[in-house]
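Summary of structural features
The primary structure of each chain is shown beneath.
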Amino acid sequence: MRLLPLSSASAALVLALLPPSSALAAGSEVPGASSFTITDPRIKESSGLAASRIHPGVYWTHNDSDDGPYVYAVDSATGKTVARVTLTGIGRPRDVEAISLGPDGQLYVGDIGDNKDGTWDHVWIYRFPEPKQLGDVTVKAAQFTVRYADGPRNAEALMVHPVTGRVYIASKHESTGGLYEGPERLSGSGPNVFRRVAGVPWVTDGAFAPDGSRLALRGYFTARTYAWKDGLPQGEGDRLDAPWQGQAESVTYTADGSALMFGTEGGASRVIAVPLAAAAASAAPPQPGAGPGASPVPEPPGGFGTGALVLAGALGLVFAAKRLLRRRGSAD
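Residues numbered from 1 in each chain as written. Predicted model: local features only at pLDDT ≥ 70, side-chain atom pairs only at ≥ 80, totals over all residues. Heavy atoms only, no water.

1. Focus: the overall build of the chain
Note the cut-off: Under the scheme used here, helices are H or I runs from DSSP no shorter than 4 residues and strands are E runs no shorter than 2 residues, and both carry numbers assigned from the N terminus. Exposure categories follow from relative accessible area, calculated using a 1.4 Å probe and restricted to protein chains: below 20% of the type maximum is buried, above 50% is exposed, and the middle band is partly exposed. By the convention used here, residues are in contact when the closest approach between their heavy atoms is within 4.5 Å. We get accessible surface area from the Shrake-Rupley algorithm with a probe of 1.4 Å; when it comes to residues, only the shown protein chains can shield them.
Secondary structure summary: the chain contains 4 helices and 21 strands in total. The 332 residues of the chain split such that 50% are buried. Partitioning the contacts of the chain with sequence separation of at least 6, the portion at a separation of at least 24 is 58%. Looking at the chain as shown, the accessible area adds up to about 14,100 Å², and 55% of this sits on carbon and sulfur atoms.

As structure tokens, then:
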């Protein structure tokens, strides 16, 4: 899913306002980190990441939409696809946005996006065991229907807690984003109602640390990790110096929890590893009112400086212009 359907003129405005030095600084990588490039031409809209627990260095991903019931395993050592899983037993995927690995050894795929910005009365989660052998395979997946207690939502982040196995979804909205908690166990016999438990910033993906002690959430301009206690994120979180990626779509912890992997859409997309110690050392102090309980708003990441602030402002102007045009169109 995209931040907004920018016209060529809008995109040119945003790029023009972003200083070149800021773009370079934000796109830098930590030397020695295990970043990699996805080389499979079939993967053009990588929208989720999950680190394998049984295949070291392998990451599961999927395309955003219009691809089909496929999940790919990519070897971070080479960037090559080492498996493609075809899911059966489900309907036609609509807008797949996230993937997470549960403590039961199963992969959870979130068909939770909503291109109509929160008008579908239900979305789906697909679940299947992580293959023990890598290679192209067809598997039968379980399908679960999801509804939100407070009405339809557009979402791009699905996280399965690695200890409790509980599923969480973070909705995507510039001012009313929320973290939603699923039932203790998903049921295939009826709708699974997800209930809002916290407010969160604009979120495009999220992931739990391997031990379940922290929750990482990323957006277009920021990333934070929150201490996790009693089923809730705690405090304002720690801001991370996340890399600048034009279509910032995914994040996951490495299997050992030592780094976060940040992914993006596009052909030959780059997955950037950010060791947590380095990220924490360069992060800006948290801003008051930016935690899960506060009013969530998009914010620039620590370390991006003036360039990201200008970019955020430009995108805000685009938002306002588009809304005004829509209102005028409705009035006509």
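2. Some details on the sheet that holds strand E12 (residues 167-171)
Stated formally: A strand pair is defined by DSSP finding two or more bridges across the two strands. Convention adopted: a line fitted to C-alpha atoms gives each axis, helices being fitted over their contacting stretch, and angles between N-to-C directions are expressed from 0 to 180 degrees.
Taken in spatial order, the 8 strands make up an open sheet running E6-E7-E8-E10-E14-E13-E12-E11, and their pairing is mixed. Strands at the two margins of the open sheet, each flanked by one partner only, are strand E6 (98-101) and strand E11 (155-160). In this sheet, adjacent strand axes meet at a mean angle of 30° when their direction is disregarded. Sheet topology note: the strand E8 (residues 123-129)/strand E10 (residues 142-148) ladder contains 5 bridges and is antiparallel. Along E10, the bridge assignment pairs Ile125 with Phe144.

3. Focus on empty space enclosed by the protein
Regions of empty space are outlined by a rolling probe, equal in size to a water molecule, passed over the atoms. Note the following rule: Here a cavity is any set of points on a 1 Å grid over the protein atoms alone where a 1.4 Å probe fits but cannot get out, and a pocket is any open set with protein on both sides within 12 Å along at least 5 of 7 lines; a residue lines the site when it has an atom within 4 Å of a point. Grid points are joined across faces, edges and corners, and a volume is the space filled by probe spheres set on the points. Residues are sorted three ways: Asp, Glu, Lys and Arg are charged, Ala, Val, Leu, Ile, Met, Phe, Trp, Tyr, Cys and Pro are nonpolar, and all the rest, Gly among them, are polar.
Following the criterion strictly, the structure yields 7 cavities of 30 Å³ or more and no others. Along the walls of the largest cavity sit 13 residues, with Ser65, Asp67, Gly68, Pro93 and Val96 positioned nearest its centre. Across the lining of the largest cavity, the residue classes tally to 3 nonpolar, 4 polar and 6 charged.

4. Some points on the pairing of strand E18 (residues 232-240)
Pairing between strand E17 (residues 223-229) and E18: 6 bridges, direction antiparallel. By the bridge assignment, Ala227 is partnered in E18 with Gln234. What sits between the antiparallel neighbours E17 and E18 is a turn of 2 residues, in which Asp230 has the positive phi angle 55°.

5. Describing the pattern of salt bridges
Note the threshold: The salt bridge criterion pairs a side-chain nitrogen of Lys or Arg with a carboxyl oxygen of Asp or Glu, the two atoms within 4 Å.
Scanning all chains against the criterion turns up 6 salt bridges. Of the charged contacts in the structure, one is a salt bridge between Arg42 and Asp40, with a shortest N-O distance of 2.8 Å. Judged by relative accessible area, which is 37%, Arg42 ranks as partly exposed. A relative accessible area of 9% places Asp40 in the buried class. Across the pair Arg166 and Glu181 runs a salt bridge whose closest N-O atoms are separated by 3.6 Å. Taken as a pair, Arg166 in the loop between E11 and E12 and Glu181 in strand E13 (residues 178-181) lie far apart in primary sequence, 15 residues in all. According to the relative accessible area criterion, Glu181 is partly exposed, its value standing at 21%.

6. Quick word on the sheet that holds strand E16 (residues 214-218)
In any sheet, the strands associate via hydrogen bonds between backbone groups, in a parallel or an antiparallel arrangement. The antiparallel open sheet is built from 4 strands, whose spatial order is E15-E16-E17-E18. With partners counted over all chains shown, the strands left at the sheet margins are strand E15 (205-208) and E18, one partner each. Put simply, the sheet's adjacent strands are angled 25° from each other on average, direction ignored. Two strands pair when backbone bridges link them, and E15 and E16 are joined in this way by 4 bridges, in the antiparallel orientation. Across the sheet, Gly206 pairs through a bridge with Leu217, a residue of E16.

7. So, the nonpolar core
Here is the rule we go by: Buried Ala, Val, Leu, Ile, Met, Phe, Trp, Tyr and Cys residues that are joined via side-chain atoms within 4.5 Å together make up what is termed a nonpolar core.
Among the nonpolar cores identified, the biggest contains 19 residues, and Trp60, Val71, Leu87 and Phe128 are the most heavily contacted of them. Listing elements by their share of this core, those giving two or more residues are strand E3 (58-61), strand E4 (70-75), strand E5 (81-88), E6, strand E7 (106-111) and E8.

8. Quick look at the side chain of Asp205
This is how it is decided: For the purpose of charge, His is not counted, nor are the chain termini; Lys and Arg are scored as positive and Asp and Glu as negative. Whenever two N or O atoms come within 3.5 Å, that pair is a polar contact, provided that in protein one can donate a hydrogen and the other can accept it, and provided that, for residues adjacent in sequence, both atoms are side-chain atoms.
Mapped onto the elements of the fold, Asp205 is located in strand E15. One buried charge, Asp205, has no salt-bridge partner; the nearest side chain with opposite charge is Arg218, at 7.2 Å. Of note is the side chain of Asp205, whose polar atom sits 2.9 Å from the backbone nitrogen of Val251. Apart from the residues lying within four places of it in its own chain, the contact partners of Asp205 are Gly48, Leu49, Ala98, Glu156, Ala157, Leu158, Ala216, Leu217, Arg218, Glu249, Ser250 and Val251.

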